[in-house]
Amino acid sequence: MNKKVEILPDISTLVARSLGLILSKLSIAIEHRGQCTIALAGGSTPKPLYEAIADQNLPWDKIHVFWGDERYVPPNHPDSNELMARRAWLDRVAIPPTNIHPVPTLEGDPAVSAAKYEQHLRDFFNFDPNEFPVLDIVLLGMGDDAHTASLFPHTPALKVDDRLITVGNKDGNPRITFTYPLINAARSVVFMVAGANKRPALAQVFAPVADDFTYPSRLIKPQGELWWLLDAAAGSELTA
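Residues numbered from 1 in each chain as written. Predicted model: local features only at pLDDT ≥ 70, side-chain atom pairs only at ≥ 80, totals over all residues. Heavy atoms only, no water.

Per an unreviewed UniProt entry, the protein chain is named 6-phosphogluconolactonase, and its organism is Chrysosporum bergii ANA360D. If you open the UniProt record of the protein chain and go to Sequence similarities (unreviewed entry), you find "Belongs to the glucosamine/galactosamine-6-phosphate isomerase family. 6-phosphogluconolactonase subfamily." For the protein chain, the Pathway (unreviewed entry) comment in UniProt is given as "Carbohydrate degradation; pentose phosphate pathway; D-ribulose 5-phosphate from D-glucose 6-phosphate (oxidative stage): step 2/3." (UniProt positions renumbered as here; feature names shortened; annotations may be inferred.)

> Please explain the overall build of the protein chain as it appears in this structure.
Per the secondary structure count, the protein chain includes seven helices and nine strands. Dimensions along the principal axes, computed over C-alpha positions, put the protein chain at roughly 45 × 40 × 35 Å. Buried positions account for 54% of the 240 residues belonging to the protein chain. As presented, the protein chain carries roughly 10400 Å² of accessible surface, and 50% of it is formed by carbon and sulfur atoms. (Helix = DSSP H or I, 4+ residues; strand = E, 2+ residues; numbered from the N terminus. Buried < 20%, exposed > 50% of the residue type's maximum accessible area, 1.4 Å probe, protein only. Areas by Shrake-Rupley, 256 points an atom, 1.4 Å probe, with all protein chains shown as cover.)

> Looking at this model, I keep getting lost on the environment of T148. Mind explaining?
Mapped onto the elements of the fold, T148 is located in the loop between β5 (137–140) and β6 (165–170). The spacing of T148 and S217 is 69 residues in sequence and 5.8 Å in space, taken between C-alpha atoms. Excluding residues within four positions of it along the chain, T148 makes contact with L140, G141, F191, S217 and I220. A distance of 2.6 Å separates a polar side-chain atom of T148 from the backbone oxygen of G141. (Contact = heavy atoms within 4.5 Å. Polar contact = N/O pair within 3.5 Å; in protein donor to acceptor, adjacent residues only side chain to side chain.)

> Is there a simple way to think about the packing of aromatic side chains in this case?
Centre-to-centre distance and the angle between the planes together describe a pair of aromatic rings. Per the stated rule, a full pass over the model turns up seven aromatic pairs. Geometrically, the ring pair formed by F66 and F124 is edge-to-face, given 5.3 Å between the ring centres and 70° between the ring planes. Of this pair, F66 sits in strand β3 (residues 63–67) while F124 sits in helix α4 (residues 110–125), placing them 58 residues apart in sequence. A relative accessible area of 0% means that F66 is categorised as buried. (Phe/Tyr/Trp six-rings, centres within 6.5 Å; stacked < 30°, edge-to-face > 60°.)

> Is there a simple way to explain the pairing of β6 in this structure?
Regular strands place side chains that alternate from one sheet face to the opposite one. Here β6 runs beside strand β7 (residues 173–178); their pairing, made up of six bridges, is antiparallel. Following the sheet pairing, T166 is matched in β7 by T177. Counting the residues that bridge the hairpin from β6 to β7 gives two residues, and of these D171 lies at a positive phi of roughly 55°. (Pairing = 2+ DSSP bridges.)

> I keep staring at unusual backbone geometry and nothing clicks. Help me out?
Leaving glycine aside, a negative phi is the common case for residues, and trans is the common case for peptide bonds. Here N126, not a glycine, exhibits a phi torsion of approximately 50°, which is positive. Relative to the helices and strands, N126 is located in the loop between α4 and β5. Of note, the phi angle at A149 is positive, near 50°, even though the residue is not glycine.

> Just checking my understanding: could you explain α4 for this structure?
Each full turn of the α-helix corresponds to 3.6 residues, which orients residues three or four apart in the same direction. Along its 16 residues, α4 runs 22 Å from first to last C-alpha, staying within 8% of the 22 Å computed at 1.5 Å per residue. What α4 keeps buried is the set P110, S113, A114, Y117, E118, L121 and F125. An end-on view of α4 places all buried positions within 135° of arc, on one side of the element. Elements in contact with the buried residues of α4: β2 (36–40), β3, β6, β7 and α5 (180–184). A side-chain oxygen of the first residue of α4 lies 2.9 Å from the backbone nitrogen of A111; this N-cap is D109. (Expected span 1.5 Å × (residues − 1). Arc of directions from axis to C-beta.)

> I tried to follow the pattern of salt bridges on my own but got confused; where do I start?
Where side chains of opposite charge bring their charged atoms close, a pairing between them can arise. Applying the stated criterion across every chain yields a total of 13 salt bridges. Put simply, E237 and R199 hold a salt bridge, and the shortest N to O gap is 3.1 Å. Residue E237 is found in the segment after α7 (232–235), and its partner R199 is found in helix α6 (residues 199–205); the two are separated by 38 residues along the sequence. Among the residues examined, R199 registers a relative accessible area of 27% and is labelled partly exposed. A salt bridge links R218 to D212; its shortest N-O distance comes to 3.1 Å. In terms of burial, R218 and D212 fall into one category: buried. Through salt bridges that share partners, R33, D136 and R187 make up one connected network. (Salt bridge = Lys/Arg side-chain N within 4 Å of Asp/Glu carboxyl O.)

Have a look at this one:
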């Protein structure tokens, strides 16, 4: 595994570095494969990154946007990851609507929605059914409980290794999420993590030995590159 850890002085530097890295990966993907596939993270940390991407002059018709997880709410709900990304980025640029691949959340049954999104990925990537599709970039955050996407500690989603999409659970509320093997199939996985409240979890995620099911971000071991971009508040105590 090609693991890189960078500790940036503050949030603005973290966003700038993340922007530079994402733009580089976008360019490489488009040059080599004619398009770039990127899965977005929710939460507050990546929002300024999305706003910065929207200010770029990019070949939007060659960029396909997915989501690594989504709360099980309508797409116009204030808690929707899709809504946040649309407002910060996607509604501000000339990306074709068919290049935006949101998680379905209106089926009334999270399991049905998960199966529908999985089928959408299978149709789009048209890959060997015994393998996992390879996204160019998967952007992730991490909570202070070490969850990432909607892979929460000690939940059934952590044990799903034979599907692309599954149902996560946050305090009894269902979410739709990439499974960890789908994340691990990516060419580049990029964590953006900020805040002193993340230090205890990061210490366990980076520890030589710890329980993956207690600290789910430990499950992220991609076949491609793994980037940990941290602000100083989050990463200053790391020794690994």
